[in-house]
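Letter by letter, the chains look like this.
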Amino acid sequence: MPELAQVADPACPPDGVIIAVGASGVCRSDWHTWRGHDPVVLPHIGGHELAGVVAQTGPEVTNWRAGDRVTVPFVCGCGRCQYCLAGNAQVCPEQTQPGFTGPGSFAELVAVHAADANLVSVPDTVDFVAAAGLGCRFATAFRAVTTHGRVRAGDWLAVHGCGGVGLSAVMIGAALGARVVATDVAASALDRARELGAEFTVDAGAADPAASVIEITGGGAHVSVDALGSPATAATSVRGLRRRGRHVQVGLLLDGPTPIPMDLVVARELEIYGSHGMAARDYPTMMSMVADGTLRPGLLVGRVIGLEDTGRALAAMDGPSEGAGMTVIRFPYG
Ligand SMILES: [Zn+2]
Ligand SMILES: [Zn+2]
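Residues numbered from 1 in each chain as written. Chains lettered and ligands numbered in written order. Predicted model: local features only at pLDDT ≥ 70, side-chain atom pairs only at ≥ 80, totals over all residues. Heavy atoms only, no water.

Take D184: it is sitting in strand β7 (residues 179-184). This buried residue, D184, is left without a salt bridge; R28 holds the nearest opposite charge, at 10 Å. Within the local environment of D184, its side chain forms a polar contact with the backbone nitrogen of A186, the two atoms lying 2.9 Å apart. When sequence neighbours within four positions are dropped, the list of residues in contact with D184 reads G161, C162, G163, A189, L190, V202, D203, A204 and G205. (Helix = DSSP H or I, 4+ residues; strand = E, 2+ residues; numbered from the N terminus. Buried < 20%, exposed > 50% of the residue type's maximum accessible area, 1.4 Å probe, protein only. Lys, Arg positive; Asp, Glu negative; His and termini not counted. Salt bridge = Lys/Arg side-chain N within 4 Å of Asp/Glu carboxyl O. Polar contact = N/O pair within 3.5 Å; in protein donor to acceptor, adjacent residues only side chain to side chain. Contact = heavy atoms within 4.5 Å.)

This next bit is on the packing of aromatic side chains. Any two aromatic rings considered together are summarised by their centre-to-centre distance and by the angle between their planes. Counted by the stated rule, this structure contains 1 aromatic pair. With a centroid separation of 5.9 Å and 45° between ring planes, the pair formed by W156 and F200 is classed as tilted. Of this pair, W156 sits in strand β6 (residues 156-160) while F200 sits in strand β8 (residues 200-203), and the two are 44 residues apart along the sequence. You can call W156 buried: its relative accessible area is 8%. Taking relative accessible area as the criterion, F200 reaches 31% and is therefore assigned partly exposed. Taking NZ or CZ as reference, R28 lies 5.7 Å from the ring centre of W31, over its face. Seen from the ring of F128, R69 lies directly overhead, with NZ or CZ sitting 4.3 Å from the centre. (Phe/Tyr/Trp six-rings, centres within 6.5 Å; stacked < 30°, edge-to-face > 60°. Lys NZ or Arg CZ within 6 Å of the ring centre and 35° of its normal.)

The volume enclosed by the second largest pocket comes to roughly 1,100 Å³. Taken together, 35 residues make up the lining of the second largest pocket; nearest its centre are E3, H44, I45, G46 and F106. Top contributing element to the lining of the second largest pocket by residue count: helix α12 (residues 310-315), with 4 residues. Taken together, the residues that form the lining of the second largest pocket break down as 19 nonpolar, 9 polar and 7 charged. (1 Å grid on protein atoms, 1.4 Å probe; cavity = no way out; pocket = protein on both sides within 12 Å on 5 of 7 lines; lining within 4 Å. Points joined across faces, edges and corners; volume = space filled by probe spheres on them. Nonpolar A, V, L, I, M, F, W, Y, C, P; charged D, E, K, R; others polar.)

Coordination of the zinc ion (ligand 1) by the protein involves C27 (SG), H48 (NE2) and C136 (SG), with metal-donor separations of 2.0 to 2.3 Å. Spacing between the donor residues of the zinc ion (ligand 1) along their common chain follows C-x20-H-x87-C. Here C27 is found in the loop between β1 (17-26) and α1 (28-34), whereas its partner H48 is found in the loop between α1 and β2 (49-57), with 21 residues between them in sequence. In this pair, the class of C27 matches that of H48, namely buried. (Donors = N, O, S within 2.8 Å, 3.2 Å for Na, K, Ca; no water.)

If you look at the biggest cluster of nonpolar residues, it comprises 51 residues, and the most contacted ones within it are L134, F138, L157, V170, M286 and L295. Not counting residues within four places of it along the chain, the set of residues in contact with L295 comprises F138, F142, M171, I172, A175, M286, M289 and V290. Ranked by size, the runner-up nonpolar core spans 24 residues in total, among them V17, I19, I305 and F331. (Core = buried A, V, L, I, M, F, W, Y, C linked by side-chain atoms within 4.5 Å.)

Here it is in structure tokens:
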């Protein structure tokens, strides 16, 4: 069981900042790290979905100062390579990830590298608990639905798997005017999907979900997201597309190569995308939709806990989330 301990304050990188954490989400990726699925150097501090206040800036930082309210993508780019300079820090080969490549936000203070490239301003109207989810699940879903999916009003959007990313995709799709079909094996997750804007839901355990999506949408979804990440949901997502539809793979396929029905990809001219977080540069569009209430990530929060409860919250993730909502640690100054 993870322990709460007093450790030395993190050192501020020359190009980075120290953030006083106001809130941190507890994500399934943290659970994977704790369970040893991602190698990290022990002892380790997890946590990568954070929002807070800049407490200290390195000498090379020009755009930020102490007191700024900020969040960061879970993938922080180096800010210097060809990918970062082209605006694609989410695939930076030199990326750092608080909570994975270094100590994370299950702590009062966390260091972030390349601050000018990675920090995102959080408006005063967005509280830290709501903002904590933007770095990971919500931003990931936003990029999947908007950049890759290019969802427009009236499009059919299928979302497979209604965990944190899936429910975020449901909310974002509905806010953009798409007609959303959500699938999951858990009735409670489908209930949440309906509350967050899904027009139809499909019990993925009871029927062939791809056939159900095709029937509901009159020929298949324009855009389909595998938010779970399993060989079954990936293939189902592709099979449920209409001609020239777009599949976006968001759920991590941790078990290696995954069969995709490429015969359908050719015959129906489908597009297949992988989606991995979202670069800080792309946040302002999403953040303005959060600030004006079009998107409400706070609705995805299920439980607010204290830092001392983090270990138990991680341990409780040993199983399907079933639409219970995101657990967020609120810090005293959050
Ligand atoms: Zn996460
Ligand atoms: Zn880079």
